[in-house]
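# A structural walkthrough
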Amino acid sequence: MSTLAPLRLLREPSNASEGNQSNATLGASGGWCQGLDIPNELFLALGLVSLVENLLVVAAILKNRNLHSPTYYFICCLAVSDMLVSISNLAEMLFMLLLEHGVLVMRPSIVRHMDSVIDMLICSSIVSSLSFLGVIAVDRYITIFYALRYHSIMTLQRAMVTMASVWLASTVSSTVLITYYRSNTILFCLIGFFLFMLVLMLVLYIHMFALARHHLHSISSQQKPPTAHRGGSLKGAVTLTILLGVFFICWGPFFFHLILIVTCPTNPFCTCFFSYFNLFLILIICNSVIDPLIYAFRSQELRRTLREVVTCSW
């Protein structure tokens, strides 16, 4: 899959494309440095699955008034962000395919303008998706540790302000990234943002798991045998592992790629890693497919509404 201007730089840094890169790549261990050839059909299939899944989530939340709460609004925004990830990647792929096959003929200036628009949409969707993952973690934390005060803390007005702020910040940051994409400072900011979200989710979810485990221990200590405690702890640990594991596996390689661009653009092993950029994009799209399964479809109320949406019983 071809990538457009700034994203092409993220695939292969400019100072790694000089003579040093070819020598370094040849010096590295052969075959695995050739990268992974991922067919366009896979990008298309995953993008369509993600689009349908997240569209159903948005439709279900909008349809059911019982789901009109800050928690589900945040999940709805995450679904919209994931839809934008899919739509932007699908638009990029179709745009490049039409140009390559001569179906679409455009002036170079218009092509560059379309490049910038699609790249800005991709960057904005990535930043907003990461942001809402963090917002959902904070919302769950408040739900557990400040249950009695939740509705006074997370009011509908504050939720709206939070959502508007995330969308605004995502748009501004993506514009800055596209404008100054050659600056390592911009890449450092993007890497720092990912690390902040990773640490935030680690701290909040582990703290929530520790509290749940403590409550289960208190309950099971009054029961014999304490099988409920062991089963509940295991279920909580599995849920925590899935949440953080999916986040790290899907987003980690892409941001590690950015770290290598900044720290070792001409190193033989780094240049080999760069050749797998399309795989990292696939993982991000996979995250858009998995997010509804983790954050939305586990809700019984939302699943019931989804069935109504699918059967068109509006």
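Conventions adopted
- Residues numbered from 1 in each chain as written.
- Predicted model: local features only at pLDDT ≥ 70, side-chain atom pairs only at ≥ 80, totals over all residues.
- Heavy atoms only, no water.
- Helix = DSSP H or I, 4+ residues; strand = E, 2+ residues; numbered from the N terminus.
- Buried < 20%, exposed > 50% of the residue type's maximum accessible area, 1.4 Å probe, protein only.
- Contact = heavy atoms within 4.5 Å.
- Areas by Shrake-Rupley, 256 points an atom, 1.4 Å probe, with all protein chains shown as cover.
- Arc of directions from axis to C-beta.
- Phe/Tyr/Trp six-rings, centres within 6.5 Å; stacked < 30°, edge-to-face > 60°.
- UniProt positions renumbered as here; feature names shortened; annotations may be inferred.
- Axes fitted to C-alpha atoms, helices over the stretch in contact; angles between N-to-C directions.
- Parallel < 35°, antiparallel > 145°, perpendicular 65-115°, else oblique.
- Left-handed = near helix turned anticlockwise from the far one by under 90°.
- Nonpolar A, V, L, I, M, F, W, Y, C, P; charged D, E, K, R; others polar.

## Points about the overall build of the chain
Scanning the chain for helices and strands turns up twelve helices and zero strands. Moving toward the C terminus, one meets the helices and strands of the chain in the order α-α-α-α-α-α-α-α-α-α-α-α. The 314 residues of the chain split such that 45% are buried. For the chain, restricting intrachain contacts to residue pairs at least 6 apart in sequence, the fraction spanning at least 24 positions comes to 83%. A total accessible area of about 16000 Å² is found for the chain, and carbon and sulfur atoms account for 68% of it.

## Some thoughts on helix α12 (residues 300–310)
Each α-helix turn comprises 3.6 residues. Residues three or four places apart therefore point the same way. Taken together, the buried positions of α12 are Leu302, Thr305, Leu306 and Val309. All buried residues of α12 lie within an arc of 110 degrees about the axis, which places them on one face of the element. With respect to the buried face of α12, the exposed residues turned more than 90 degrees away are Gln300 and Arg307. Where α12 is buried, its residues touch α3 (40–63), α4 (70–100) and α11 (277–296).

## Brief notes about the packing of aromatic side chains
Two aromatic rings are characterised by how far apart their centres lie and by the angle between their planes. Under the defined criterion, the tally for this structure stands at nine aromatic pairs. The interplanar angle of 55 degrees and the centroid separation of 5.4 Å between the aromatic rings of Phe132 and Trp167 together place this pair among those described as tilted. Separated by 35 residues along the polypeptide, Phe132 in helix α5 (residues 108–145) and Trp167 in helix α7 (residues 156–179) bring together distant segments of the chain. Assessed through its relative accessible area of 23%, Trp167 is described here as partly exposed. In textbook terms, an aromatic cluster arises when at least three aromatic residues are bridged by ring pairs, as seen for Phe194, Phe247, Trp251, Phe254, Phe255 and Phe277.

## Some points on the UniProt feature "transmembrane region" (unreviewed entry) in the chain
Cross-referencing UniProt, the feature "transmembrane region" (unreviewed entry) maps to residues 42–62, 74–97, 117–138, 159–179, 185–212, 233–261 and 273–297 in the present numbering. Annotated as 100% helix and 0% strand, the span residues 74–97 places its first and last C-alpha atoms 35 Å apart. For residues 273–297, the end-to-end C-alpha separation is 35 Å, with 88% helix and 0% strand making up the annotated structure.

## Notes on the packing of α3 against α11
The geometry of α3 relative to α11 is characterised by a closest axis approach of 10 Å and an angle of 25 degrees between their N-to-C directions. Compared by their axis directions, α3 and α11 come out roughly parallel. The interaxial crossing formed by α3 with α11 has left-handed handedness. From α3, Leu42, Phe43, Leu46, Gly47, Val49, Ser50, Glu53, Asn54 and Val57 reach across to α11, where they touch Asn278, Leu281, Ile282, Ile285, Cys286, Ser288, Val289, Pro292, Leu293 and Ala296. A breakdown of the residues in the contact of α3 with α11 according to their chemical character gives 13 nonpolar, five polar and one charged.

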